[in-house]
Amino acid sequence: MSTFAEVLLNGVSLGSVYALIALGFVVVFRATEVVNFAHASLLLAGGYITATLHDDIGFWPALLAGIAGAALVGAAVEFLVIRRYRGNDHSVLAIVTIGVDILLTTELTRRIGTDVIPLGDPWGDAVLKIGPVSIAHTRIAAFVAAALLITAFLLAFRYTSWGVAMRAAAESGETAALMGVRLGRVSLGAWAVAGGLAAVAALFLTVFPTPGLERATSLAALKAFPAAILGGLDSTTGALVGGLLVGITESLATGYQSDLTFLGRGLGDLAPYLVMVAILLIRPAGLFGTKELARV
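Residues numbered from 1 in each chain as written. Predicted model: local features only at pLDDT ≥ 70, side-chain atom pairs only at ≥ 80, totals over all residues. Heavy atoms only, no water.

1. Looking at the overall build of the protein chain
Formally: In this text, helices come from DSSP runs of H or I with a minimum length of four residues, and strands from runs of E with a minimum of two, each type numbered from the N-terminal end. Taken over C-alpha atoms, the radius of gyration is set against a globule rule of 2.2 Å times the number of residues to the power 0.38. Summary of the burial criterion: residues with accessible area below 20% of their type's maximum are buried, those above 50% are exposed, and those between are partly exposed, where the area comes from a 1.4 Å probe applied to protein chains only. In this analysis, two residues are considered to be in contact whenever any of their non-hydrogen atoms come within 4.5 Å of each other. In short, Shrake-Rupley with a 1.4 Å probe defines the accessible areas, and a residue's cover is counted only from the protein chains shown. Note that His is not counted, nor are the chain ends; the positive residues are Lys and Arg, and the negative ones are Asp and Glu. Lys charges are placed at NZ, Arg charges at CZ, Asp charges at CG and Glu charges at CD.
Helix and strand content of the protein chain: eleven helices and two strands. Its helices and strands taken in sequence order, the protein chain reads α-α-α-α-β-β-α-α-α-α-α-α-α from the N to the C terminus. The globule rule puts the C-alpha radius of gyration for 296 residues at 19 Å, and the 19 Å found for the protein chain is close to it. Seen through its principal axes, the protein chain has C-alpha atoms that stretch 60 × 50 × 35 Å. Evaluated residue by residue, the protein chain yields a buried proportion of 47% over its 296 residues. Sequence-distant contacts, at least 24 apart, represent 76% of the contacts inside the protein chain between residues at least 6 apart. Put simply, the protein chain shows about 14,600 Å² of open surface, and 66% of that area lies on carbon and sulfur atoms. If you average the places of the 18 positive and of the 19 negative side-chain charges in the protein chain, the two averages end up 8 Å apart.

Here is the structure:
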C-alpha cells in the first residue's frame with residue numbers, strides 16, 4: 001500500500017508539471033487555432049537560460065531570467081514567423097512551427113552538447129518521509145508551483161482584459177476583431193505565456209531525481225502533448241485533467257514495471273499514448289474538447 005501511495009503522489013506531482021506544458025499548447029491553440037510543435041524548443045530554451053546563469057546570479061534570478069527568456073523567444077517566434085503566415089491554412093502554420101522547433105532545438109542542443117547541466121535548485125536530493133511513504137522535496141515544490149501558476153492563469157483568463165480578449169478570439173476571431181480586439185496582441189501574449197510556463201516546467205523536469213538539463217530534455221514536451229490532446233486542445237480544464245492523467249499513468253506504469261514484464265520494457269513511456277488513443281476512440285474531441293457540428 002505504501003508503494004502505491006508513493007507512486008500515486010509522484011504521479012500527481014509529475015502530472016502537474018505536464019499540465020503546465022499542456023496548458024501552453026492549449027493557450028496557443030485557443031488564441032491562434034495552431035498546434036504549436038515548437039513548444040519543446042521553448043521548454044529547452046527556458047531551461048538552458050536558467051542552467052547557464054544560476055552560477056553567476058543565483059538560482060532565483062536565473063529562474064526569472066529563464067522564464068522571461070522563454071517568454072521572449074515565444075513572442076519573437078510569433079512576431080517574426082507566425083504572424084507573417086496569418087491567414088494561411090492552420091495545417092501550414094503547424095508545419096511552420098515544426099521547422100521553427102528544428103532550428104531552435106538544433107542550436108540549443110549544439111550549445112548543450114553531451115553535457116548534463118544542473119540548474120542549481122535549492123531543494124537538492126532532500127526527501128520528506130511520511131510514515132512509510134517517501135517523496136522528494138522537488139516533487140512537492142513542483143506540485144505547489146504548478147498549482148499556484150495554474151490558479152493565477154485561470155484567474156487572469158477569466159477576469160483580466162487579456163483573458164476576455166483571448167476567449168473572444170477563441171469563439172470567433174473575425175467577430176472579435178470587428179469588436180476591437182487586437183488579435184495580434186492576443187496571439188503575442190499567448191505565445192509569451194506558453195514560453196514562460198514551459199520554462200517553469202523545464203526546471204521541475206530537470207531537478208532531482210533527474211541529474212540535470214540535457215539535449216533530450218525537450219522530449220518531455222512530447223509526453224505532455226497527449227495530455228493536451230486527450231483533455232481537448234481548446235480546453236484549459238482539459239489540459240489540467242489530461243496532465244494529471246498522463247502523469248499518474250506514467251508513474252504507475254513505471255512503478256509497477258517489474259510486475260508487468262510480460263508487456264516489455266519502457267511501458268512508462270508508452271502508457272500515456274495508449275491512454276490518449278483509448279480516450280480518443282471514445283471521445284474524438286477529447287474529454288473536454290468542443291465537438292464540431294456539421295450540417296448535412
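2. Some remarks on the packing of helix H3 (residues 59-80) against helix H8 (residues 183-206)
Inclusion rule: In this analysis an axis means a line fitted to C-alpha atoms, helices contributing only their contacting stretch, and an angle means the value between N-to-C directions, from 0 to 180 degrees. The sense of a crossing depends on the near helix, which, turned anticlockwise from the far helix by less than a right angle, makes the crossing left-handed and, turned clockwise, makes it right-handed. Throughout, the ten residues Ala, Val, Leu, Ile, Met, Phe, Trp, Tyr, Cys and Pro are labelled nonpolar, Asp, Glu, Lys and Arg are labelled charged, and all others, Gly among them, are labelled polar.
Packing of H3 against H8 leaves a shortest axis separation of 7 Å and a crossing angle of 145°. Regarding H3 and H8, the two cross each other, and that crossing is right-handed. Facing Phe59, Leu63, Gly66, Ile67, Ala70, Ala71, Gly74, Ala75, Val77, Glu78 and Phe79 of H3, the residues of H8 in contact are Gly184, Ser187, Leu188, Trp191, Ala192, Gly195, Gly196, Ala199, Val200 and Leu203. Looking at the contact of H3 with H8 residue by residue, the class counts come to 14 nonpolar, six polar and one charged.

3. Topic: the environment of Asp101
Tracing the chain through its elements places Asp101 in helix H4 (residues 90-112). Sequence separation between Asp101 and Ala136 is 35 residues; the distance between their C-alpha atoms is 32 Å. Once you skip the residues sitting within four places of it in the chain, Asp101 turns out to touch Phe37, Ala38, Ala40 and Ser41.

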